[in-house]
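# Structural description and commentary
Listed below are the residues making up each chain.
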Amino acid sequence: MRTLGQELQTARKLKRLSLREVETATGISNPYLSQLENDKIHKPSPQFLGKLAALYELDFQIVMEAAGYVAPAKRDTGPKTLSGDTLFSQNLSPSEEGQLLDFLSFIRSKKGV
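The following paragraphs examine the structure supplied in this document. (Residues numbered from 1 in each chain as written. Predicted model: local features only at pLDDT ≥ 70, side-chain atom pairs only at ≥ 80, totals over all residues. Heavy atoms only, no water.)

The next subject is the overall build of the protein. Scanning the protein from terminus to terminus reveals 7 helices and 0 strands. Scanning the protein from its N terminus toward the C terminus, one meets helices and strands in the order α-α-α-α-α-α-α. If you line up the protein on its principal axes, its C-alpha atoms span 40 × 30 × 25 Å. A burial count over the protein gives 30% of its 113 residues as buried. For the protein, long-range pairs separated by at least 24 residues make up 52% of all intrachain contacts whose partners lie at least 6 apart in sequence. (Helix = DSSP H or I, 4+ residues; strand = E, 2+ residues; numbered from the N terminus. Buried < 20%, exposed > 50% of the residue type's maximum accessible area, 1.4 Å probe, protein only. Contact = heavy atoms within 4.5 Å.)

What follows deals with helix α1 (residues 4–14). What α1 keeps buried is the set Leu4, Gly5, Glu7, Leu8, Ala11 and Arg12. Viewed end-on, α1 has its buried residues packed into an arc of 165°, placing them on one side of the element. Looking at the residues trailing α1, positive phi occurs at arginine 16, about 55°. (Arc of directions from axis to C-beta.)

A few words on the nonpolar core. Formed by 20 residues in total, the largest nonpolar core has its most connected members in Leu8, Leu49, Leu52, Tyr56, Leu58 and Leu82. Secondary structure elements with two or more residues in this core: α1, α2 (19–26), α3 (30–37), α4 (46–56) and α5 (60–66). (Core = buried A, V, L, I, M, F, W, Y, C linked by side-chain atoms within 4.5 Å.)

Inspection of every chain in the model, using the stated rule, returns 1 aromatic pair. Where tyrosine 32 meets phenylalanine 48, the ring centres are 5.0 Å apart and the plane angle is 80°; that geometry is what we call edge-to-face. With tyrosine 32 in helix α3 and phenylalanine 48 in helix α4, the pair connects residues that are 16 residues apart, well separated along the chain. Judged by relative accessible area, phenylalanine 48 falls into the partly exposed class, the value being 22%. A cation over a ring is seen here: lysine 43 above tyrosine 69, with NZ or CZ 4.7 Å from the ring centre. (Phe/Tyr/Trp six-rings, centres within 6.5 Å; stacked < 30°, edge-to-face > 60°. Lys NZ or Arg CZ within 6 Å of the ring centre and 35° of its normal.)

A few words now on the pattern of salt bridges. Here the idea is simple: oppositely charged side chains can pair when their charged atoms come close. Tallied over the entire structure, the rule returns 4 salt bridges. Of the charged contacts in the structure, one is a salt bridge between arginine 2 and glutamate 7, with a shortest N-O distance of 3.5 Å. The partly exposed category is assigned to arginine 2, whose relative accessible area is 42%. Among the salt bridges present, the one from glutamate 37 reaches arginine 12, with a minimum N-O distance of 2.6 Å. With glutamate 37 in helix α3 and arginine 12 in helix α1, the pair connects residues that are 25 residues apart, well separated along the chain. Both residues of the pair, glutamate 37 and arginine 12, count as buried. (Salt bridge = Lys/Arg side-chain N within 4 Å of Asp/Glu carboxyl O.)

Within the secondary structure, asparagine 30 sits in helix α3. Apart from residues lying up to four places away in sequence, asparagine 30 is in contact with Leu19, Arg20 and Glu23.

Below, the structure written as structure tokens:
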């Protein structure tokens, strides 16, 4: 299972943003962001998580769940994890979406092996 820091780093990289660019956009210091992504900060500020969720176009509820502030909500549709939300926010083309679904099916088929 991936950590909150790993998930936030992935979201930042998918947005093609440097830590300095995130700092400029959010006002969150570069060292804090680096420590957050490297899991040195275990209870990040919800205010900072809100700023990152907005910048990375993530569902704040899912970010708060990943940070352990709220219990995961049961969802029938849409992303259920921070990873899923990160991918969902990328405006995938139909072709990319199909490729991801094919890859997910492949991974799931290997679980029983």
